[in-house]
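# Working through the structure, step by step
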Amino acid sequence: MKLKALAAGLALSFPMLASAQGTSVTLYGTIDTAINYVNNISSIGVDPVTGRASIVNNSYTGFNTQTNSWPSMWGLRGSEKISDNLEAIFNLESGFNPNVGTSNQGGRLFGRAAWVGLKGDWGQVTIGRQYSMLFYSMMRSDIMGPNAHGLGGLDGYIPDRRHDNAVAYRGTFSGVTVGAHYAKGRDTNGCGVNFNQENACSSYSAMLGYDAANWGVNVAWDVLKGGDGTNWRGSGLTNTQDEDRRLAFNAWAKFDALSLGLVYINRKTDGRVGTSFGVSNGVARTYDLGDRSDLWSLGAAYALTPAVTIDGSVNYIRFKDAPESSKSMLYVARVKYALSKRTSVYASAAYVNNSGVANSTANSGSGGTAQDYVVAGGVNQTAVMAGLRHNF
């Protein structure tokens, strides 16, 4: 939505910008909040008499902090035409928790995006905090997207594929898209710039894809490098030689009112995919989920009417080196009703079945990695939510 008041304010503050030909600035955003219910939130309890441990499961009814059907955010995007084949572009995007009014992404003002770049028919080059190519490769194939009941419950990196201090290129030519990014000190929250170590906490990614009018396929390669002993987010990547690698294959298709999406991600890390916990013979245990996983997701969306859409997905992850044949199946269903072009109501439900010591969650809407809805290894979980979303 282009706001005249905003444009007038920019004109007063930046006269040269306002007088330039072909300049535009857009203010946009989403406010999305929902009531959530999640069961089987696990913790370790200890009998005060015997000293023996046991799993305690509780439920929660309340609000998410990061995302519901869509993350709440606001942003500014703009461009200035410099010549016939050159534009200056920028994007500033801020995530927030509408329930308490605080900023997300570690309290950053523009934690979702903060970049500037140049664009032409040769593509675009951007510099700043921005998404890796894994994000762009999954935009159409991940049907549920940032829904709290989605792939974030299986892989906590998927909702947070943003990188600080990044340089990126993307270009599309006759339907073929190529892209790459490189970042140094990719996350100030635990893996920032280290001037004494050249490659500490760096990352890089690349993608190649083809999109026609009604179908598309692409592949992406995403690599996170280790830090300087900081063990970023418990990943086990404690030195600059360590890498966390994801190879993704994606496909999508559209048939009138029906949309389909397929995602496959193979992960191999020099650290660990994750950990879980449990109790054995009255003693609390911690389990390593190994260094490899395979993730599959098949999603579909169908427009019953112009106002009503139903969608859902079946998702699977196998932790290859974890004990007891550990794997998770996540089932998601959602219905959306558009009250207007900008406002909709929705209901969503998810169920995750964990086997072995797998501990995937049904709701990944808080903390970015579902840490608030953690389950013990092998414990199943159900989550439901009903909410309201407004775009501006």
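### So, the overall build of the protein
Within the protein, the secondary structure is distributed over 3 helices and 20 strands. Its C-alpha atoms give the protein a radius of gyration of 22 Å, within 12% of the compact-globule value 21 Å for 392 residues. Its C-alpha atoms put the protein at 75 × 55 × 40 Å along the principal axes. Here the protein holds 392 residues, and the buried ones make up 47% of them. Here the protein displays about 18000 Å² of accessible surface, and carbon together with sulfur accounts for 59% of that area. When the 33 positive and 28 negative side-chain charges of the protein are each reduced to one mean point, those points stand 5 Å apart.

### Quick word on unusual backbone geometry
Unusually for a residue other than glycine, Arg-233 sits at a positive phi of about 50°. Along the chain, Arg-233 turns up in the loop between strand 11 (215-225) and strand 12 (243-255). We classify Arg-233 as partly exposed; its relative accessible area is 46%. In this structure, Glu-324 is a non-glycine residue whose phi angle is positive, near 60°.

### As for the packing of aromatic side chains
Applying the stated rule across the entire model yields 8 aromatic pairs. For the pair Tyr-131 and Tyr-136, a centre-to-centre distance of 6.3 Å together with 80° between the ring planes defines the contact as edge-to-face. Judged by its relative accessible area of 12%, Tyr-131 is buried. Put simply, the rings of Tyr-131, Phe-135 and Tyr-136 touch in pairs and so form one group of aromatic residues.

### Remarks on a nonpolar patch on the surface
Residues Ile-82, Leu-118, Trp-122, Val-125, Ile-127 and Val-167 make up a contiguous nonpolar surface patch of roughly 490 Å² in combined accessible area. By the secondary structure assignment, Trp-122 is in the loop between strand 6 (113-120) and strand 7 (123-131).

### So, the pattern of salt bridges
By the definition in use, this model includes 20 salt bridges. Across the pair Arg-233 and Asp-160 runs a salt bridge, and its minimum N-O distance is 2.9 Å. Residue Arg-233 is located in the loop between strand 11 and strand 12, and its partner Asp-160 is located in the loop between helix 3 (133-137) and strand 8 (162-173); the two are separated by 73 residues in the primary sequence. For Asp-244, the salt bridge identified is with Arg-246, shortest N-O distance 3.6 Å. Of the residues examined, Asp-244 reaches a relative accessible area of 3% and is grouped as buried. It is possible to trace a salt-bridge network through shared partners that takes in Arg-108, Arg-129, Asp-160, Arg-162, Asp-164, Asp-187 and Arg-233.

### Here we look at the pairing of strand 20 (residues 381-391)
In this structure, strand 1 (residues 23-46) lies alongside strand 20, joined through 9 bridges in antiparallel fashion. Bridge pairing links Tyr-37 to Val-384 in strand 20. Across 10 bridges, strand 19 (residues 343-355) lies against strand 20 in antiparallel orientation. Bridging from a neighbouring strand, Tyr-351 pairs with Thr-382 of strand 20.

### Here we look at the confidence of the model for the protein
In this model, the protein carries an average pLDDT of 92, and 94% of its residues clear a pLDDT of 70 or more. Overall, residues 1-19 carries pLDDT values under 50, and its contacts beyond four positions in sequence, including any with other chains, amount to 13 contacts.

### Some remarks on the environment of Ile-89
Its place among the elements puts Ile-89 in strand 4 (residues 86-97). Under the relative-accessibility criterion, Ile-89 is labelled buried at 9%. Expressed as a C-alpha distance, the spacing of Ile-89 and Val-332, which sit 243 residues apart in the sequence, is 37 Å. Among all residues touching Ile-89, those that are not within four sequence positions of it are Gly-78, Ser-79, Trp-115, Val-116, Gly-117, Leu-118, Lys-119, Gln-124 and Thr-126.

### What about the state of the cysteines?
In protein structure, a disulfide is the covalent linkage between the sulfur atoms of two cysteines. By the definition in use, this model includes 1 disulfide. Across a sulfur-sulfur distance of 1.8 Å, Cys-191 and Cys-201 are joined as a disulfide pair. Linking Cys-191 and Cys-201, the disulfide has an S-S dihedral of approximately -90° and is accordingly described as left-handed. Of this pair, Cys-191 sits in the loop between strand 9 (176-183) and strand 10 (203-211) while Cys-201 sits in the loop between strand 9 and strand 10, placing them 10 residues apart in sequence. There is no split in this pair, since Cys-191 and Cys-201 are both buried.

Definitions and cut-offs
Residues numbered from 1 in each chain as written. Predicted model: local features only at pLDDT ≥ 70, side-chain atom pairs only at ≥ 80, totals over all residues. Heavy atoms only, no water. Helix = DSSP H or I, 4+ residues; strand = E, 2+ residues; numbered from the N terminus. Rg over C-alpha atoms; globule rule 2.2 N^0.38 Å. Buried < 20%, exposed > 50% of the residue type's maximum accessible area, 1.4 Å probe, protein only. Areas by Shrake-Rupley, 256 points an atom, 1.4 Å probe, with all protein chains shown as cover. Lys, Arg positive; Asp, Glu negative; His and termini not counted. Charge placed at Lys NZ, Arg CZ, Asp CG, Glu CD. Phe/Tyr/Trp six-rings, centres within 6.5 Å; stacked < 30°, edge-to-face > 60°. Patch = residues over 30% accessible without salt bridge, like charges linked within 9 Å, V, L, I, M, F, W, Y side chains within 5 Å. Salt bridge = Lys/Arg side-chain N within 4 Å of Asp/Glu carboxyl O. Pairing = 2+ DSSP bridges. pLDDT = per-residue confidence, 0-100. Contact = heavy atoms within 4.5 Å. Disulfide = S-S within 2.5 Å.

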